[in-house]
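One letter stands for each residue in the lines below.
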Amino acid sequence: MTLKQIGLALLTMLMFNSAQAHIASNGFLTLNVEGKTISGTLELAIRDGEMAVGLDGNNDGQVSWGELRAHQAVLGTYLQSHLLIDTAQPCAITTDSVKVNERVDGNYLWLPFTAVCNEQPDTFHIDYRLLADVDPSHRGLLTLTAWGATQTAVLGGKQSTQTFAFGQPTQWRTFVEYLSTGIWHIWSGIDHLLFLLSLLLPAVLLRTGKRWQPVPLARPAFLNILKVVTAFTLAHSITLSLAAFDVIRLPSRLTESVIAASIIVAALNNLFPKVTEGRWRIAFLFGLLHGFGFASVLADMGLPSGARLLSLVAFNLGVEVGQLAVVLAVMPLAYVLRATRFYRAGVMPWGSSAIAVLAMVWLVQRAAG
Amino acid sequence: MHHSQRMARPNLRGNHSPRRFFVLALLVQIGLFQSSNAAAKAYEPSDDRQILATIPAGARHTELSARDLARTRIDVALPLAHFYIKQARSSGDLRFLGYAEAVLEPWLSGPNMSADALVLHATVLQSRHDFTPALAVIDQALKLRRDDAQALLTRATILRVLGRYDEALASCEQLSQRAASEVTELCTQSLHGLTGDLPAAYARISQLSSQGMPAAERAWRDSELGEMALRLGRDGDAEHWFQNGLRAAPDDFYLKAAYADLLLHSQRAREVLTLLKGQDSIEPLLLRIAIAQKQLRDPGLDASRARLTAAFAAEEQRGEGIHRREQARFLLEVQEQPRVALQVALINWQVQHENDDVLVLLHAAQAAGAITQAQSALDFVRANNLQDVRIEAITSRLTGVTAHPTATALTTKNAPTNMADSL
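Residues numbered from 1 in each chain as written. Chains lettered and ligands numbered in written order. Predicted model: local features only at pLDDT ≥ 70, side-chain atom pairs only at ≥ 80, totals over all residues.

When you go through chain A residue by residue, the secondary structure sums to 11 helices and 13 strands. Relative to its full complement of 369 residues, chain A shows a buried share of 43%. Within chain A, contacts between residues separated by at least 24 positions form 73% of all contacts whose residues are at least 6 apart in sequence. (Helix = DSSP H or I, 4+ residues; strand = E, 2+ residues; numbered from the N terminus. Buried ≥ 20, exposed ≤ 12 C-beta atoms within 10 Å, placed from the backbone. Contact = placed C-beta atoms within 7 Å.)

Chain A puts 51 residues into the contact, and the matching count from chain B is 48 residues. Here the residues of the side of chain A that touches chain B are counted per class, giving 22 nonpolar, 19 polar and 10 charged. Examined bridge by bridge, strand S3 (residues 62-64) of chain A and strand S1 (residues 51-54) of chain B share three bridges and lie antiparallel to one another. Bridge pairing in S1(B) links Val63(A) to Ala53(B). (Nonpolar A, V, L, I, M, F, W, Y, C, P; charged D, E, K, R; others polar. Pairing = 2+ DSSP bridges.)

Moving on, we come to the environment of Ala341(B). Residue and element names in this part refer to chain B. Following the sequence through the fold, Ala341 ends up in helix H18 (residues 338-351). For Ala341, a count of 27 C-beta atoms within 10 Å corresponds to the buried category. In this structure, the C-alpha to C-alpha distance between Ala341 and Glu326, residues 15 residues apart in sequence, is 10.0 Å. Non-local contacts of Ala341, meaning those with residues more than four positions away in its chain, are made with Ala328, Leu331, Leu332 and Ala364.

One finds Ala100(B), Val103(B), Ala345(B) and Leu361(B) to be the most contacted residues of the largest nonpolar core, which totals 161 residues. It is helix H13 (residues 253-265) of chain B that contributes the most residues to this core, nine residues altogether. The contact partners of Ala345(B), leaving out residues within four places of it in the chain, are Ala328(B), Val360(B), Leu361(B) and Ala364(B). One finds Trp212(A), Val229(A), Ala244(A) and Ile259(A) within the second-largest nonpolar core, a separate group that totals 52 residues. (Core = buried A, V, L, I, M, F, W, Y, C linked by C-beta atoms within 7 Å.)

Here we come to the environment of Arg173(A). Along the chain, the position of Arg173(A) falls in helix H5 (residues 171-188). A C-alpha to C-alpha distance of 6.9 Å links Arg173(A) and Trp147(A), two positions 26 residues apart in sequence.

Glancing now at the packing of helix H6 (residues 190-200) of chain A against helix H8 (residues 252-271) of chain A. All names here are of chain A. Between H6 and H8, whose axes approach to 8 Å, the crossing angle comes to 25°. What the angle tells us is that H6 and H8 run roughly parallel. Seen from above, H6 lies across H8 with left-handed handedness. On H8, the residues that touch Asp191, Leu194, Phe195, Ser198 and Leu199 of H6 are Ile259, Ala260, Ser262, Ile263, Ala266, Ala267 and Asn270. Broken down by class, the residue content of the contact of H6 with H8 amounts to eight nonpolar, three polar and one charged. (Axes fitted to C-alpha atoms, helices over the stretch in contact; angles between N-to-C directions. Parallel < 35°, antiparallel > 145°, perpendicular 65-115°, else oblique. Left-handed = near helix turned anticlockwise from the far one by under 90°.)

Here helix H11 (residues 215-232) of chain B is 18 residues long and its end C-alpha atoms lie 25 Å apart, about the 26 Å a rise of 1.5 Å per residue gives. Positive backbone phi, approximately 80°, marks Gly233(B), located one or two places after H11(B). (Expected span 1.5 Å × (residues − 1).)

The next point concerns the sheet that holds strand S4 (residues 83-86) of chain A. All names here are of chain A. Taken together, three strands build an open sheet; the order of strands is S4-S8-S11 and the sheet is antiparallel. Of all the strands in the sheet, just S4 and strand S11 (161-165) have a single pairing partner and so form its edges. Within the sheet, the average angular offset between the axes of one strand and its neighbour, ignoring direction, is 15°. Looking at chain direction, S4 and strand S8 (residues 123-128) are connected through four bridges and run antiparallel. By the bridge assignment, Ile85 is partnered in S8 with Ile126.

Spelled out as structure tokens, the structure:
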């Protein structure tokens, strides 16, 4: 962006604040179906919010941020009674903290919410009655995303209830959905990756006496990496499957805490090596616990009844693809740098220390709940 | 309320013609749709005192008690609805039409059905360009109360927007028994002015004494005269009438739009910005501002463009086309996309047939190099003997298309006169 463009953008923003072109009253409703839960946002013009619940607390004809915030709970209640989403039974809506969004026709209140349904919907009804009693021309512009497909609709008016069907998602679509969730889970929750990296950092080195030496050949380094990754994969696949099919269940606070602890162990083992040859054993042992961590993600998403095994495999495969991509990106570099002082005296001790400290913070947070 | 056709803009709710989808697809393609990825932009202001919105009179939650009262008391419902419609007119804020609708709702059917409420409801529908339903509601009102002046006038207005001049004239004539003579005269003569008798009608209306006319009626008269003068090619006179009308009714946004068009036409864009200063919340006026900014290469154009784009996109998304005529002009004169503009102008033409609708269609067709697509408008011009030098300027250049010759003849006969003389 050039300076001129920035100036222009600023000018534009100022102008938007001074006056707005009048657009008929629209609420913007976004729904993302994620298994049993639907995460959504409602955007309502501040003016419409005033009409709906009375935001202008001091009645001075202006709505301030403080006034909007003070009415957060009222807005939540209003949403619950004027937006009904149901499958066979109504989904329970809970709202989060309100924010503000600037649109070209003025400021909108931005209310995130979650609707939890009893079952994973493939058909559901939306009854949108916001403002219907005061402004029958108000409409809800819906953007609905489910199974990677997006549809839009205009809600409200005389026919307030509308039905949305997704058809059963195809097997392929289910597969892709769960695969990508697996990949994103491993990339976004870096704890699993840090555990794996802690175990892999020394894979290109050899412990002789009290010193780290570079492995002379690529082959042993490769075998080290292969053993650790395979052990981790096998272990977490076992527990993930057991948990997904409800054979074993662990409280998530426990698994999350132990996962943090596992990272500390792996990192400390690089600083004060105890296990030097069979690191794959650490990978396997703690991998079992990481599997329970993955399972909690799946539990939130829900496994589609028709394709439980397929989606489990896809999710697991996604996790493997995600971690393998990171391993392939990092390890060749580690191999090239293994003989350098930077790697042996820098990355190994300081990187491991940083990981250990971070994991300790997590451990405290997670154990405290 | 007599000049309510001025709020007229087409509505296409429920019209799922292939053309509509074509336009929709195009608009999506050129990125007119406001993306819904607002999540990334949502924020929490740091100061509790930051003002997020100003609430206009009539839009406060505390006023809901008056609305509740209006459910059971028609003497509350009617003035309240009237107030909302007036607010919609002066502010251009479409929400007020919805508020009026809600207040009128209990009085539109069943044992409580009221002719006054029906007429107000028809006005709401007409303002949203729901012309066919508006006519049905008016007929219902006339069944309850034959010869209701307001109903007849509204009926004439809607029929005129639709280009159904004979039926409109019948309503005007029926009016003669119920309304003041100058209202009937305005109603009938303005129609004669559209059907071949422009110079005579212009003379008749300009002889109407404005003494004792209510301000709104005077504004109506002046805007009719201004429009007629423009069609006669007498821009100087037109300017006089528009200024005159604005003195009587300074908030009349139709007069302002017409005057702004005259200024734009005369390369006086800077005066448009002065005239419309602070009026940019009204879409038709914002359009004129944007065109002026474009002519002046004013940096404010980007903001106006963005706001109009969003406003049209929101209408599109709702399946409404309230401001179709403005949308066509926006695409033609601001965005310079004559082919898309032509498609929108054609959709507009399916709905309404005012003089300006003919003009925007012809201009778009000409710019797109597809004048044959405007044939139905040209046929309409010929069938009704619609006289307008601006239309004539276009048709005279066309070969094989015959248009009415009088308009050109008139301009040469009537050299611009000093308005003071003709008064």
